[in-house]
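Coordinates in review
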Amino acid sequence: MYESMRVNCDVAIIGGGFAGSSLALLLRREQPDLKVLLIDRSERSDRKVGEATTEIGGEFLHRRLALTRYLANHHIAKQGLRLWFAKDAGTAVDDCAEVGSDYQVRMPSFQVDRSQLDPHVLQLAQEAGVEVWRPVKVADCSFPEAGGAVIEVKSADESRTVHARWVVDASGRAATLARRMKTFRPLGEHPTNAIWGRFRGVKDLDGHDLRTRHPKFGRSCIASRSAATNHLTGYGWWCWIIPLKGGDVSAGLVYDSRLYTPPEGARLGDRLKAHLATHPLGRELFTDAELVETEARTYSGLPYFSEKLAGPGWQLVGDAAGFLDPLYSPGLDYCSWTVRCALGRIAEEAAGRPVDLDALNARFVHSYDTWFRALYKDKYYYLGDAELMSAAYLMDIALFFMGPVREITTARERDLDCLPFNGPVDGMAGRFMKFYNRRLAHIARRRRAAGCYGRRNTGWRELGDGFVPDLRVLNPLAKGIRRWLAAELHAIFLSPREEPVAEPLPHREPVTVS
């Protein structure tokens, strides 16, 4: 039972997942005079997907939240991203084209079990002085003209009214405030869906059995493959394979509904396992694997966003603000960026300095739209072509390190200015990325029409030195540009076959903030 029917606080946070808990924890550490209340509808943390981080999310966990020892004890140090290609299901494992690193990574990133990470951060927030109400449901939220927010919450046997100076929505895909304010927008240009689950009994990519039966495969790489985020690829789809502490493996399929339909079946788990078996490496790893639970899960219409990140008295963080695509593991990146924006905004206004919320909203929408068009729009057309996707991999990650990773680890800009692609240098990088992404998708459609899609999906490996946020990253960038230009030259001489090829949806202009 709560002590009173009316509660006053400085910051009320809706949602007890990673975004809400990390914001609450950092507010108590960095603004200890503020009273923080966290409201969560669930009694305990839900089972979540195993998730990889990039170096942005890794920096947030490692340096901003100072969780290094906890991560070392309870999660896995990630060894980069690795892509696998095949001509068809009959391709030998030894012959699958492979793109990744030949050495261990140089910057911290992690394979995290969200069902363990989220409650740990929430516990730290409580220990730091955050008041937590759970399970309670937000029944209403209003914003009086005088300022602040009024939140009506309900538990099993009573109602409460909370008066807060700021309310922050960290409710994840529920997107409580964005839906109520009608700023929630699905991203119809990117019609992707996902099926995922946890497996036990998955074979070890670095294990003796695989190395013995496929000696060329075993000898070809120095770094640990099994600790990487491994992606199986095909036309219109890709699968993630993420190891978790204790032996479970998170695996999922993401597909563009214009280009691919998963295998039929009565149960999602059976459909997911049947799809994994269509790739030689997936069949090798998952033949004897079993779902940890009886059923997998699915998300339809993965990408969405809010047209506004903030307004008088309110702000969005994490998945409540938007989600794009898990291909490059941006989930905790967006958590870190949006949490930092909320921290910066609250700190400024608490000190009596007004924040230009219209400018913040414009930066958020521009950043989201640039990420989409630079990295994901129509990428599923060329995901399954090793030559084209390896060019994108080299250029995408090199520019990611030159821009966002360098900014967050070296330049250390203000929290309010942390959103990527809003500065002159990373803005120029974003425009270049949008251009070559369009061109690679165009080349892929030409290759499909000519019957030579995936022409180099076997017999080679691209195992580089890895990426760092300095001038050394120009080497993989240059290699990626050369490979792209070679593909452009090859496409000039292609002649289409007779059968039609699906085309992308029409271009939609970026949403603007009024």
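Scope of this entry: the structure provided in the associated data block. (Residues numbered from 1 in each chain as written. Predicted model: local features only at pLDDT ≥ 70, side-chain atom pairs only at ≥ 80, totals over all residues. Heavy atoms only, no water.)

What follows deals with the sheet that holds strand β3 (residues 50–52). Strands sit in the order β3-β7-β4 across an open sheet of three strands; the sheet is antiparallel. Two strands close off the open sheet at either side, each with one partner strand: β3 and β4 (76–77). Note: β4 against strand β7 (residues 110–113), two bridges, orientation antiparallel. Note that in β7 the partner of isoleucine 76 across the bridge is glutamine 111. (Pairing = 2+ DSSP bridges. Helix = DSSP H or I, 4+ residues; strand = E, 2+ residues; numbered from the N terminus.)

Buried residues dominate strand β6 (residues 97–101), accounting for five of its five residues. Direction of pairing for β6 relative to strand β23 (residues 461–464): parallel, over a ladder of four bridges. The partner of serine 101 across the bridge, within β23, is glycine 464. (Buried < 20%, exposed > 50% of the residue type's maximum accessible area, 1.4 Å probe, protein only.)

By way of backbone hydrogen bonds, the strands of a sheet pair with one another, either parallel or antiparallel. Sheet architecture is open: three strands sit in the order β12-β19-β22, paired in antiparallel fashion. The sheet terminates laterally at β12 (184–186) and β22 (322–323), the two strands that pair on one side only.

Here the structure, examined in full by the defined rule, presents 22 aromatic pairs. Pairing phenylalanine 199 with phenylalanine 286 gives two aromatic rings, centres 5.3 Å apart and planes at 80°, and the pair type is edge-to-face. Placement of the pair is phenylalanine 199 in strand β13 (residues 192–200) and phenylalanine 286 in helix α9 (residues 280–286), with a sequence separation of 87 residues. No difference in accessibility class separates phenylalanine 199 from phenylalanine 286, as the two residues are buried. Among the aromatic residues, those joined into a ring-pair cluster are Tyr334, Trp337, Trp371, Tyr393, Phe400, Phe401, Phe421 and Phe467. Taking NZ or CZ as reference, arginine 179 lies 3.9 Å from the ring centre of phenylalanine 184, over its face. Positioned above the aromatic ring of tyrosine 453, the side-chain terminus of arginine 448 is 5.6 Å from the ring centre. (Phe/Tyr/Trp six-rings, centres within 6.5 Å; stacked < 30°, edge-to-face > 60°. Lys NZ or Arg CZ within 6 Å of the ring centre and 35° of its normal.)

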